[in-house]
Amino acid sequence: MPALNDIARELSKRVSGDLMFDSFSRGRYATDASIYQMMPVGVLTPRSEDDILAAIDCARDQGMPILPRGGGTSQCGQTVNEALVLDNSEHFNEILELDVANKRCVVRPGIVLDELNRVLKPHGLWFPVDVSTASRATIGGMTGNNSCGGKSIRYGMMRDNVLSIDAILADGSKHRFGAGLAEQNTAYNTLSHDLAAIGQRESAEIAARFPNVMRRVGGYNIDALTSGLDAQNLAHLLVGSEGTLAYTTAVELKLSPLQDGKAVGVCHFPTFHQAMDAAQHLVTLDPEGVELVDHTMIALARDIPLFARTIENFVTGTPEALLLVEFTRANGVQKLKDLEQMMGDLGFSWTGTGKAWGGVTAVTDAGLQGQIAELRKSGLNIMMSMKTAGKPVSFVEDCAVELPDLAAYTAGLTEIFERHGTTGTWYAHASVGCLHVRPVLNLKLDNDVATMRAIAEECFDLVARYKGSHSGEHGDGIVRSEFHEKMFGSRMVATFEEVKDRFDPTGVFNPGKVVNAPKMDDRRLFRYGPEYRASQLKTELDWSEWSGKDGGFQGAVEMCNNNGACRKLRGGVMCPSFRVTRKEKDLTRGRANTLRLAISGQLGPDALVSEEMADAMKLCVSCKGCKRECPTGVDMARMKIEVLSARAKKHGSSLHDRLIGYLPRYAPWAAKMPFLLNLRDKVPGLAMATERLTGFTAKRPLPRWAAKPFKDTEVSAASAPDAVLFVDSFNRYFEPENLRAAVRVLNATGSVVDVVKPIGNSRPLCCGRTFLSVGLVDQARQEAKRLIDALMPYAELDIPIVGLEPSCLLTLRDEIPALLPGEDSKKIAKLARMFEEFIADQGDNPHFISRLESPAPEVILHGHCHQKAMGVMPAIEKMLALLPDTNVTKIDSSCCGMAGAFGYGVDTYDTSIKMAELDVLPAARAASGDAIVVADGTSCRHQIADNTDCNPMHMAQLLDLALKPDNTVQND
């Protein structure tokens, strides 16, 4: 193969999409959600078919493989290879046709399933192959993998819902593959005749060797060739071919009517075996799906903030297994009664004991159903949230057997695991006999790799004994392709190879998958190969919850298993920069992979403090969305602090960073001359003149220094306060009216309030947040220590610590315990309360509640990212519910885009605005004239005020506005 520079130079002349041949970019595409890592030749994000054609031509000429890729979430290694990766998800993702009347559409392969269904929903349609990764799975990837989803018992698999496929062959010719498409052209006719001949020749072998189960996605779908030339649909052969036969450029899909709601019965079982045995009976009720959740998943989910409350709301007692049985709303009420009757007939009741305990929890609330569905879809990743060195490993996880054999098969598999000294985690599609099971192993150890191989051999023998399928959903990739002979026999494998050669004689497309595969336990292909070593790094924060070098930092970074949940484009918070750029670099997963490669020396010396690493972290706004929403708990905001700190120590800090970091220290002096500092936005041209020097964009005003900043003496000291107020720098010096309003509201609750003051006559207290945001960790630690020392006398009396600014108050819960680990910081973290949380607890305070009146007919609420990440939003909504005659609407938003100083940066301003335009600004502009927009974050309020006609306020001001005079209550 020619040098990478030559290939890059040749391609750059012919393509309009982005080309990436640097080691950092290639490294971000070297892994998927499997155990493997293969460094690609380069990466192209095609914008058109012309780009793809150019790439195929170049690959054919240069002897370079091509690998199409969507969300990069394959479990078996389908989307890693030493090839030119073409990422379809960034640009090649349009809907080409939508035929509502005939329930069909044509889409580009890069479109994400959830995005497609959002477009279809207003038309009463959806694409029903509802895979758990719907928020990031692309239609092209689903087609290549023959994906299934939880409702395959009702709607079938991808193969059953694909009508035709437009594809480019290795010779550069374009064809449409589908039913009734013979006589297109000579090349297509010859190909279809040849394939029909293979199907006729091998029909008896196919009938004898193909497993008679619904969930069979292993090998090529050559059974599609046995129906004869006139009836064969060659699109069905391309489905499940994992990008090895042709390059898909468009997919025609069969759509289904959207179901109007559902009813869910949560069946509780005292043992796993009983649940597996019951599945064959429950499916006779004709459900939409039956999904398994085992006790391990329940236990792990309880420890994940995003799912803990959901578990509380639908799990009764301590079941060993749950089966989630879903029905349509049309017959849901009766079906739930039938389900309860069947569970009783099977011997389960809530009053039973031992193996007779169990029953059905009916779930008809759409909100809770959605939360359960989200938990179930995150099952694989919840299993990966273990912080130990051993993790549940995907390699035998989706074998499928017939339902009557399911209990015996799972018992046999459990025996295999126990014989090899490990356990398995279980979840998934009980309705079709396909379970996701992962043995817990540490693949950095040679012994565990050998154990993996032995388990695979024995497991696939067990599957063959039950005449099942060794691949029931996740395909072949590297993990299973080598085992085709065990499952199908040598003749069938030879036929697979013949089909591959007929389509792709020179092996251009994704070689080594389905046919001619490497050994699944070849450690040279592993993410953690035999040479994998983490370098020594002096970390600044406490990472002891995790395993590995650097006090656990290595283990924390390696928690990313590439599941891609951060690639979702709607709902929740993470990952706001990716939602704007659609680039792998600007993604929690992309950053975690970059960090892992850097600390293991795979990106060269000093990679951690390199410009490339800085570029990878540049658009991370430290929203903490990943901390809550990543199923494996990757906390990129905290990891970014380590990178910024290392860079600051290596390269020093810019004036821009020092102006941000040291703000709390120079603020007392600046506050004495606010008029002078505010001139920047009053004198024409001054903002532009100082832009290059300060790094602050001239495109928006800076926050205005208050003429009368808040003073601690405004609140009389109390010897036994009910709460202590932590005054942050932002509200103190820029919006002191929020603090004064908060004090009035706190007093109205009857609470005696004190203000925490520094020990001695030193400068006002600060949480250290500004220093952390620019990597000046030593200075942040000094500020945190001052604050902890000042707060401890209150903490020892269990007095709540109340704050107004989310990013500051919640630093007490999050960063400070990692910055200053110990009992003092832990205790203070438990007592730290957002103002709204403290007020929400006043719901049983009749005197306070009686003083509230409606501040406005409508309140529009935007939550700060850290409030969302730290679970504060329910308290805010509870508090707003106290307001009479007030309609409250919560903006379903990600980050507002300001993110502290991010929105003020010269080189980040444009991205900041794009983030805001996704959700926050359109919602604020749409608010009625008499509505009040509420945003607790200082940066959030500035983003909205700078770009709309709204004048957003803090919740403290809203409640202050809602307070009736105390004498009004007494007169009543």
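All of these numbers come straight from a predicted model, not from anything done at the bench.

1. What about the side chain of Asn-678?
Then comes step 1: Among the structural elements, Asn-678 can be located in the loop between α29 (674-677) and α30 (686-694).
Then comes step 2: From its side chain, Asn-678 meets the backbone nitrogen of Trp-705 in a polar contact 3.0 Å long.
Then comes step 3: Apart from the residues lying within four places of it in its own chain, the contact partners of Asn-678 are Pro-703, Arg-704 and Trp-705.

2. Overview of the pairing of strand β25 (residues 931-935)
Then comes step 1: Taking burial as the measure, the five residues of β25 include five buried ones, the bulk of the element.
Then comes step 2: Burial along β25 is two-sided: the residues Ala-931, Val-933 and Ala-935 and Ile-932 and Val-934 are all buried.

3. Some thoughts on the sheet that holds strand β3 (residues 66-69)
Then comes step 1: Taken in spatial order, the four strands of this open sheet run β1-β2-β4-β3, and their pairing is mixed. Two strands bound the open sheet, and with one partner strand each, they are β1 (18-20) and β3. Taken over all neighbouring pairs, the strand axes of this sheet differ in orientation by 20 degrees on average, direction set aside.
Then comes step 2: Pairing geometry for β3 and strand β4 (residues 84-87), over four bridges, is parallel. Note that in β4 the partner of Ile-66 across the bridge is Leu-84.

4. Observations regarding helix α16 (residues 406-419)
Then comes step 1: Under the 1.5 Å per step criterion, the end-to-end length of α16 is 20 Å for 14 residues, consistent within 8% with the ideal 20 Å.
Then comes step 2: Among the residues of α16, Leu-406, Ala-407, Tyr-409, Thr-410, Gly-412, Leu-413, Ile-416 and Phe-417 are the ones counted as buried.
Then comes step 3: Taken from the residues just after α16, Gly-421 is the one with a positive phi, measuring 75 degrees.

5. Considering the packing of aromatic side chains
Then comes step 1: Applying the stated criterion to the full structure yields 17 aromatic pairs.
Then comes step 2: Taken together, a centroid distance of 5.7 Å and an interplanar angle of 70 degrees make the contact between Tyr-36 and Phe-526 edge-to-face. Of this pair, Tyr-36 sits in the loop between α2 (23-28) and β2 (42-45) while Phe-526 sits in the loop between α20 (490-503) and α21 (553-557); the two residues are 490 residues apart in sequence, bridging distant segments of the chain.
Then comes step 3: Residue classification places Tyr-36 among the buried residues on the basis of a relative accessible area of 0%.
Then comes step 4: For the ring pair Tyr-528 and Tyr-532, a centre distance of 4.9 Å and an interplane angle of 75 degrees mean the geometry is edge-to-face. Neither residue differs from the other here; Tyr-528 and Tyr-532 are each classed as buried.
Then comes step 5: Following the ring pairs from residue to residue traces out a cluster consisting of Phe-210, Tyr-220, Phe-488 and Phe-496.
Then comes step 6: The residue whose ring lies beneath Arg-638 is Trp-543, and the NZ or CZ to ring-centre distance is 5.7 Å.

6. Here we look at the pattern of salt bridges
Then comes step 1: Considering all chains together, one arrives at 74 salt bridges under this definition.
Then comes step 2: For Lys-624, the salt bridge is made with Glu-815, and the minimal N-O distance between the two is 2.8 Å. A residue pair is termed long-range when its members are at least 10 positions apart, and Lys-624 in the loop between α24 (611-618) and α25 (625-629) and Glu-815 in helix α36 (residues 815-819) qualify at 191 residues. In this structure, Lys-624 and Glu-815 share a single accessibility class: buried.
Then comes step 3: For Glu-823, the salt bridge is made with Lys-826, and the minimal N-O distance between the two is 3.9 Å. Note that Glu-823 and Lys-826 are positioned in helix α37 (residues 823-831) at a spacing of three residues, about one turn of the helix.
Then comes step 4: Among the residues examined, Lys-826 registers a relative accessible area of 46% and is labelled partly exposed.
Then comes step 5: Linked by salt bridges that have partners in common, Arg-453, Glu-457, Asp-461, Glu-482, Lys-486, Lys-519 and Asp-521 make up one network.

7. Describing the nonpolar core
Then comes step 1: The biggest cluster of nonpolar side chains holds 130 residues, and the ones touching the most others in it are Leu-812 and Phe-835.
Then comes step 2: It is helix α34 (residues 777-795) that provides the largest number of residues to this core, a total of 10 residues.
Then comes step 3: Setting aside its immediate chain neighbours within four residues, Phe-835 contacts Ala-742, Val-745, Leu-746, Val-802, Gly-803, Leu-804, His-954, Met-955, Ala-956 and Leu-959.
Then comes step 4: With 107 residues, the next largest nonpolar core counts Val-107, Ala-279, Leu-323 and Leu-443 among its residues.

8. Describing the sheet that holds strand β10 (residues 247-254)
Then comes step 1: Pairing within the open sheet is antiparallel, and its five strands lie in the order β5-β6-β10-β8-β9. Every interior strand has two partners, whereas the edge strands, β5 (95-99) and β9 (174-178), have only one. Across the sheet, the axes of successive neighbouring strands diverge by a mean angle of 15 degrees, strand direction being ignored.
Then comes step 2: Judged from the six bridges that link them, strand β8 (residues 162-168) and β10 form a sheet pairing that is antiparallel. By the bridge assignment for β10, Val-162 is matched with Leu-253.
Then comes step 3: Docked against the sheet, helix α3 (residues 49-62) engages β8, β9 and β10, running at close to 135 degrees with respect to β10.

9. A look at the environment of Met-276
Then comes step 1: Summarising the element assignment, Met-276 is placed in helix α10 (residues 272-282).
Then comes step 2: Judged by relative accessible area, which is 0%, Met-276 ranks as buried.

10. Focus on the pairing of β2
Then comes step 1: Here β2 shows two buried faces, one formed by Gly-42 and Leu-44 and the other by Val-43 and Thr-45.
Then comes step 2: For β1 and β2, the ladder comprises three bridges, and the chain directions are antiparallel. For Met-20, the partnering residue across the bridge sits in β2 and is Val-43.
Then comes step 3: Relative to β4, β2 is paired through three bridges, and the arrangement is parallel. Pairing of Gly-42 across the sheet is with Leu-84, part of β4.

11. Quick word on the environment of Pro-793
Then comes step 1: The topology assignment puts Pro-793 in helix α34.
Then comes step 2: We classify Pro-793 as partly exposed; its relative accessible area is 47%.
Then comes step 3: Through-space distance from the C-alpha of Pro-793 to that of Ser-654 is 38 Å; in sequence the pair is 139 residues apart.

12. As for the packing of helix α12 (residues 305-314) against helix α14 (residues 366-377)
Then comes step 1: Contact pair α12 / α14: the axes reach a minimum separation of 10 Å and the direction vectors enclose 120 degrees. By the angle class used here, α12 and α14 are oblique. Pair α12 / α14 crosses with left-handed handedness. Along its contact with α12, which presents Phe-307, Thr-310, Ile-311, Asn-313 and Phe-314, the element α14 presents Leu-368, Gln-371, Ile-372, Glu-374 and Leu-375.
Then comes step 2: A class-by-class count of the residues in the contact of α12 with α14 yields six nonpolar, three polar and one charged.

Cut-off values and rules
- Residues numbered from 1 in each chain as written.
- Predicted model: local features only at pLDDT ≥ 70, side-chain atom pairs only at ≥ 80, totals over all residues.
- Heavy atoms only, no water.
- Helix = DSSP H or I, 4+ residues; strand = E, 2+ residues; numbered from the N terminus.
- Polar contact = N/O pair within 3.5 Å; in protein donor to acceptor, adjacent residues only side chain to side chain.
- Contact = heavy atoms within 4.5 Å.
- Buried < 20%, exposed > 50% of the residue type's maximum accessible area, 1.4 Å probe, protein only.
- Pairing = 2+ DSSP bridges.
- Axes fitted to C-alpha atoms, helices over the stretch in contact; angles between N-to-C directions.
- Expected span 1.5 Å × (residues − 1).
- Phe/Tyr/Trp six-rings, centres within 6.5 Å; stacked < 30°, edge-to-face > 60°.
- Lys NZ or Arg CZ within 6 Å of the ring centre and 35° of its normal.
- Salt bridge = Lys/Arg side-chain N within 4 Å of Asp/Glu carboxyl O.
- Core = buried A, V, L, I, M, F, W, Y, C linked by side-chain atoms within 4.5 Å.
- Parallel < 35°, antiparallel > 145°, perpendicular 65-115°, else oblique.
- Left-handed = near helix turned anticlockwise from the far one by under 90°.
- Nonpolar A, V, L, I, M, F, W, Y, C, P; charged D, E, K, R; others polar.

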